[in-house]
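Here is what each chain is made of, one letter per residue.
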Amino acid sequence: DYGPFQFLDAFDPAHICNHSDTQGRYAFNRQPGVVYWNLFCLGQALLPLIDDHDATVAALESFKPAYAQAFDLAMARKLGFSAADTALTPLHTSALELLAAQRVDFTLFWRRLSLRAAGHEDSAQRVQDLFIDPSAALSWLETFDRAHAQLPALSQAQQMLRTNPAVVLRNHLGELAIRAAQGGDFAPLAQLQSALDTPFDEPLANPHFTALPPDWAQGIEISCSS
């Protein structure tokens, strides 16, 4: 979740989550810059109260390397590694580029990759099924396997399953629960709440929580007032 509005379905770095953001100021790939700008504005507001101007600027500038380090660590953990490593940067960079090029479902890709790493039945094919071009996925998966073989001490399949959730609050899941509740049926809401209480468990009783979003979900528009 990159803001108060929604989760990503098909991965699009330029995705705009708020329909009123016509210029894409808060698009997914612009979030780090917007965070820095917000911090800079906060620093300007506080500067009259702080004697050391240079220290304030230095504190603000520390955000960029801190963010880069945090991002590398987060991506390393999604890939099943307990620590960031410069050798992993091309791996997660190429993964995101591939997901964007083929509009792959972000949540399902990482979850199915986790199941594949853990040796679950049919999980390898289920990863490839998310891609328009399965051969491109296979090429990346071979690179992924080599990375796990080269850095076995850092790699943990179970960590991937604890990092990459099976269930997230997708727009259409919330919409369906709202519609049912408005009609007096609160069972779907209770089922969704239960699944979200344990997001890293497979919701066997409600497999639609981990299915691809329906086509109509692409037309849902979210705003601050939503």
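It should be emphasised that the depicted structure is a prediction, and the values quoted were computed from it without experimental measurement.

Draft legend 1. View of the overall build of the protein chain. When you go through the protein chain residue by residue, the secondary structure sums to 10 helices and 0 strands. For the protein chain, the succession of helices and strands along the chain, N to C, is α-α-α-α-α-α-α-α-α-α. By the burial criterion, 36% of the 226 residues in the protein chain qualify as buried. Taking all contacts inside the protein chain whose residues are at least 6 apart in sequence as the whole, residues at least 24 apart take part in 65%.

Draft legend 2. Molecular detail of the environment of Gly174. With respect to the helices, strands and loops of the structure, Gly174 is situated in helix H9 (residues 171–182). In sequence terms Gly174 and Leu189 are 15 residues apart; their C-alpha atoms lie 8.1 Å from each other. For Gly174, the contacting residues outside a window of four places in its chain are Leu169 and Leu192.

Draft legend 3. Layout of the pattern of salt bridges. Within this structure, the stated rule accounts for 6 salt bridges. Through salt bridges with shared partners, a single network forms among Asp9, Asp105 and Arg170.

Draft legend 4. Geometry of the nonpolar core. Leu99, Phe109, Trp110, Leu113, Phe131 and Trp140 are the most contacted members of the largest nonpolar core, which totals 27 residues. Every element with two or more residues in this core is listed here: helix H3 (63–78), helix H4 (89–101), helix H5 (106–117) and helix H7 (134–150). Other than its neighbours up to four places away in sequence, Leu113 contacts Val127, Trp140, Leu141, Phe144 and Met160.

Draft legend 5. Highlighting unusual backbone geometry. Although it is not a glycine, Arg103 adopts a positive phi angle of roughly 50°. For Arg103, the position within the fold is in the loop between H4 and H5. Notably, Asp122 is not glycine yet its phi reads approximately 65°, a positive angle. Tracing the backbone shows Asp122 in the loop between H5 and helix H6 (123–128).

Draft legend 6. View of the packing of aromatic side chains. Within this structure, the stated rule accounts for 11 aromatic pairs. On the basis of an interplanar angle of 25° and a centroid distance of 5.2 Å, the ring pair of Phe11 and Phe106 is categorised as stacked. Here Phe11, found in the segment before helix H1 (31–46), pairs with Phe106, found in helix H5; they are 95 residues apart in sequence, far enough to count as distant. On the basis of relative accessibility, which here comes to 3%, the residue Phe11 falls in the buried class. Between Trp140 and Phe144, the aromatic rings sit 5.5 Å apart at their centres with planes inclined by 20°, giving stacked as the arrangement. Residue Trp140 and its partner Phe144 are located together in helix H7, separated by 4 residues, close to a single helical turn. Residue class for Trp140 comes out buried when judged on its relative accessible area of 6%. On the accessibility criterion, Phe144 (1% relative accessible area) is buried.

Definitions and limits used
- Residues numbered from 1 in each chain as written.
- Predicted model: local features only at pLDDT ≥ 70, side-chain atom pairs only at ≥ 80, totals over all residues.
- Heavy atoms only, no water.
- Helix = DSSP H or I, 4+ residues; strand = E, 2+ residues; numbered from the N terminus.
- Buried < 20%, exposed > 50% of the residue type's maximum accessible area, 1.4 Å probe, protein only.
- Contact = heavy atoms within 4.5 Å.
- Salt bridge = Lys/Arg side-chain N within 4 Å of Asp/Glu carboxyl O.
- Core = buried A, V, L, I, M, F, W, Y, C linked by side-chain atoms within 4.5 Å.
- Phe/Tyr/Trp six-rings, centres within 6.5 Å; stacked < 30°, edge-to-face > 60°.

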